Amino acid sequence: MAKEDITQAILKIDPWLEPFKGDIARRHAVAEEWLARFDKNEGGLEKFAKGYEYYGFHVGDNNEIVYREWAPNATRASLIGDFNNWDREATPMTVNSFGVWEVTVPPKADGSPGIEHGSKVKISMVIPGGERLERLPTWIKRVTQDLSVSPVYDAVFWNPPKKYKFKNSRPPKPQGAKIYEAHVGISTSEGRVGTYKEFTRDTLPRIKKLGYNTIQLMAIMEHAYYASFGYQVTSFFAASSRYGEPEDLMELIDTAHGMGITVLLDVVHSHACKNVLDGLNYFDGTEYQYFRAGPAGQHSLWDSRLFDYGKYEVLRFLLSNLRFYLEEYGFDGFRFDGVTSILYHHHGIGTGFSGGYHEYFGPAVDEEGVNYLILANVLTHRLNSNYVTIAEDVSGMPTLCLPFNVGGMDFDYRLAMAVPDMWIKLLKEKRDDDWDMGNICFTLTNRRHLEPTIAYAESHDQALVGDKTLAFWLMDKEMYTHMSTLSDPSGIIDRGIALHKMIRFITHALGGEGYLNFEGNEFGHPEWLDFPRQGNNNSFHYARRQWGLIDDDLLRYKFLNQFDVEMQNTETRYKWLGAPQAYVSLKHEGDKVIAFERAGVLFIFNFHPTQSYTDYRIGVEKPGVYRVVMDTDGKEVGGFGRIDHEKTRCHTVPEHWNNRSNYLQVYLPSRTAIALATD
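Below is a summary of the structure that appears in this document. (Residues numbered from 1 in each chain as written. Predicted model: local features only at pLDDT ≥ 70, side-chain atom pairs only at ≥ 80, totals over all residues. Heavy atoms only, no water.)

1. Some thoughts on the overall build of the protein
Operational definition: For the purposes of this entry, the term helix denotes a DSSP run of H or I that reaches at least four residues, the term strand denotes a run of E that reaches at least two, and both are numbered from the N terminus. Buried means the residue's accessible area, taken with a 1.4 Å probe over protein chains only, is under 20% of the maximum for its type, while exposed means over 50%, and partly exposed covers the values in between. Whether two residues are in contact is decided by their heavy atoms, any of which lying within 4.5 Å being enough. Think of it this way: Lys and Arg go in the positive column, Asp and Glu in the negative one, and His and the chain ends go nowhere. Think of each charge as sitting on NZ of Lys, CZ of Arg, CG of Asp or CD of Glu.
Helix and strand counts for the protein come out as 15 helices and 29 strands. Structurally, the protein occupies a C-alpha span of about 85 × 60 × 45 Å along its principal axes. The buried share of the protein, taken over its 679 residues, is 60%. Taking all contacts inside the protein whose residues are at least 6 apart in sequence as the whole, residues at least 24 apart take part in 72%. Within the protein, the 90 negative side-chain charges are centred at a point lying 2 Å from the centre of the 72 positive side-chain charges.

2. Some details on the sheet that holds strand 23 (residues 593-598)
Convention followed: For two strands to be treated as a pair, DSSP must find no fewer than two bridges joining them. Angles here are taken between N-to-C directions and fall from 0 to 180 degrees, while the axes themselves are lines fitted to C-alpha atoms, restricted in helices to the stretch in contact.
Spatial strand order, 22-23-24-29-26-27: six strands in an open sheet with antiparallel pairing. Two strands lie at the open edges of the sheet, namely strand 22 (583-588) and strand 27 (650-651), each paired on one side alone. Inspection of the sheet shows strand 26 (residues 625-631) paired to strand 29 (residues 672-677) by four bridges, in the antiparallel sense. Counterpart to arginine 627 in the pairing with strand 29 is alanine 677. Together, strand 22 and strand 23 form the strand contacts of helix 10 (residues 437-445), whose direction differs from that of strand 22 by roughly 155°. Here helix 13 (residues 491-510) sits on the sheet and contacts strand 22, strand 23, strand 24 (601-606), strand 26 and strand 29; the angle it forms with strand 23, its principal contact strand, is near 35°.

3. Considering the nonpolar core
Formally: Residues enter a nonpolar core if they are buried and are Ala, Val, Leu, Ile, Met, Phe, Trp, Tyr or Cys, with the set joined through side-chain atoms within 4.5 Å.
Counting residues in hydrophobic clusters, the biggest one holds 160 residues, and the most contacted among them are Leu217, Leu319 and Trp423. Per element, the largest residue contribution to this core is 11 residues, and it comes from helix 6 (residues 312-329). Once residues within four sequence positions are removed from consideration, tryptophan 423 is found in contact with Trp435, Ile440, Leu444, Ala457, Leu470, Ile503, Ile506 and Thr507. If you look at the next biggest cluster of nonpolar residues, it comprises 24 residues, including Ile65, Ala71, Ala74 and Val103.

4. Side note on the pairing of strand 5 (residues 100-105)
Bridge count between strand 2 (residues 65-70) and strand 5: six bridges; the pairing is antiparallel. Within strand 5, the position partnered with isoleucine 65 by the bridge is valine 105. Inspection of the sheet shows strand 4 (residues 94-95) paired to strand 5 by two bridges, in the antiparallel sense. Along strand 5, the bridge assignment pairs valine 95 with tryptophan 101.

5. Brief notes about helix 10
What counts, and what does not: N or O atoms closer than or at 3.5 Å make up a polar contact, with two conditions inside protein: a donor-capable atom paired with an acceptor-capable one, and, for residues adjacent in sequence, both atoms drawn from side chains.
Along helix 10, the positions that sit buried rather than exposed are Met437, Ile440, Cys441, Thr443, Leu444 and Thr445. Residues of helix 10 that are buried sit in contact with helix 9 (418-429), helix 13, strand 22 and strand 23. For helix 10, the N-terminal capping position is held by aspartate 436, with its side-chain oxygen 2.9 Å away from the main-chain nitrogen of glycine 438.

6. Brief notes about the environment of aspartate 393
Residue placement: aspartate 393 occurs in the loop between strand 18 (388-391) and strand 19 (413-415). Separated by 250 residues in sequence, aspartate 393 and isoleucine 643 place their C-alpha atoms 41 Å apart. Ignoring sequence-local partners within four residues, the contact set of aspartate 393 consists of Val339, Thr340, Leu343, Leu400, Arg414, Leu415 and Met417. A polar contact of 2.9 Å, which involves the side chain of aspartate 393, links it to the side chain of serine 395.

7. Description of the pairing of strand 2
Of all six residues that make up strand 2, six are buried, and the element is covered over most of its length. Burial along strand 2 is two-sided: Ile65, Tyr67 and Glu69 facing one way and Val66, Arg68 and Trp70 facing the other are all buried. Strand direction decides the pairing type here: strand 1 (residues 56-59) and strand 2, joined by four bridges, are antiparallel. Residue pairing in the sheet places histidine 58 in a bridge with valine 66 of strand 2. Once strand 1 ends, the chain turns through five residues before running back antiparallel as strand 2, passing asparagine 63 with a positive phi of about 70°.

8. A closer look at helix 9
Applicable threshold: A helix is expected to span 1.5 Å for every residue after the first.
Under the 1.5 Å per step criterion, the end-to-end length of helix 9 is 16 Å for 12 residues, consistent within 8% with the ideal 16 Å. In the core, the buried residues of helix 9 are packed alongside helix 10, helix 11 (460-463), helix 12 (470-475) and helix 13.

Following this line, the structure appears as structure tokens:
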């Protein structure tokens, strides 16, 4: 598409971008220039992103092992490890004009590989001035940590005699992603780190039963500090050994595919751990090999290093990292962490985004970071149009989720990061009587035209220690004493269970084109999430999921879990997430009632804490006889059962009401949401 055509395509979607059409056209042109460069030098973007087939360790048909590493500052290098008794002179490497070091390890006399599977290796380098550095290979696929000896990781040569063979095909791209955000390590009820195999056996069936079609796995890329939640990556090509072996993760993903579930990787390319001995930092003795030099390469809040997105070999490393996880492990796409940090030189630090378009263009924008994200999305979607990419961006950058061929950055979704903030603010600062129905609707529908959004009421961010989950904000005063079905009635618990369901339901139905839930929050998991660290005496007490709470038939958590099942499965039937944005016909501040239609379903929410309404009139466009298909007040989901589903048949009247062609009348109990449909 010509440059002018690109600009016009964007302006048809959003005319307010007219003053910035030059910036948009330039961004597109820069990406096209890089793509042309890859075509000329590498045979295309896709081949460029197969660096993992060239760098690192590779075993030939005759069991000859070739190892390659990019280290342009090194003057000498050798491969050391258990295989040569760590002799720095035994296995010297040669270098080419691009700073790529290489060595071939011949097979043993019996024909077996010269390096044994599972043995430890390193690269030993000498840099100008004579200093010797010994580092973990940057493309290593397996690193392990023995905390009883040292917190520093060891690189392990991984060449299992039996390769994992995938049995199941990938599921089709979900239309309306229902995402279960999960962390393998915390997925056990026991006070320890859970495993891939346990997650496959125990947690996948729960997710399937709940009705989610997508899993987002956190903390997979190897990270030095467990409590970092996986956001301080040290070895980018190594799946975390805390949870088991690489083949165990492959089996997890393969099993999920067999259940029809898409699996996304929470990928961290926004920064890297500053560790030197087992990270990328100062790998070849320079601070600028993978990262920007000086302050531009330092993230002041995260205490981590920032990639140089304009450097050829850095782009190869990052783009190959994406393709590696898609093809070697079978992931179906990515949730990109920290996109705001990539997009702007200020990384979002100390910056409040007002929504003014001037904030998204100009000197504050990191054009190299923008270009990297475009290339990452183009690559992912070229490899498979069914792959999914999600941006965690708080700024609201325009064109982020528009296709590249019209000038966009090609993400499939962005996260609706203002929504959970709204709910927490309401629960912390407002009485129930003071909730603003108009503001709730505005926040849930305030998203960019044709740029799909993942809505969520809370994610892992709200579960962390120092904050509270929605369930805790609502019920922490009595969660330890009144969650039994045998306990005395409690106004706090009744309110909490009712609002927990309503908040999730309206977020799900009105807030986006996809929905996300963090593991355990679907049933109101008590307390917070706190990983073992010095401040809590390295306790695992809060770094686990208490599944027994929903398996115990005498506890009320089962009701919230059952409601989540009904919500996901009802969406599967009516597919409102894949439908156009809802039409909100009513936002009544006095009555605290919200009504809207989406995908042929009429949703009605009565947030009033005490007032129920008989024969409440609601406008609706489609005529017919409506029946209840969802009800937050049902006894099976912990409500009072005030609506008789069998007898409730709402006949439309062909008279205009609230800008709709028909109306119907319905009974609306207090603190209740219902969904009605004609079929």
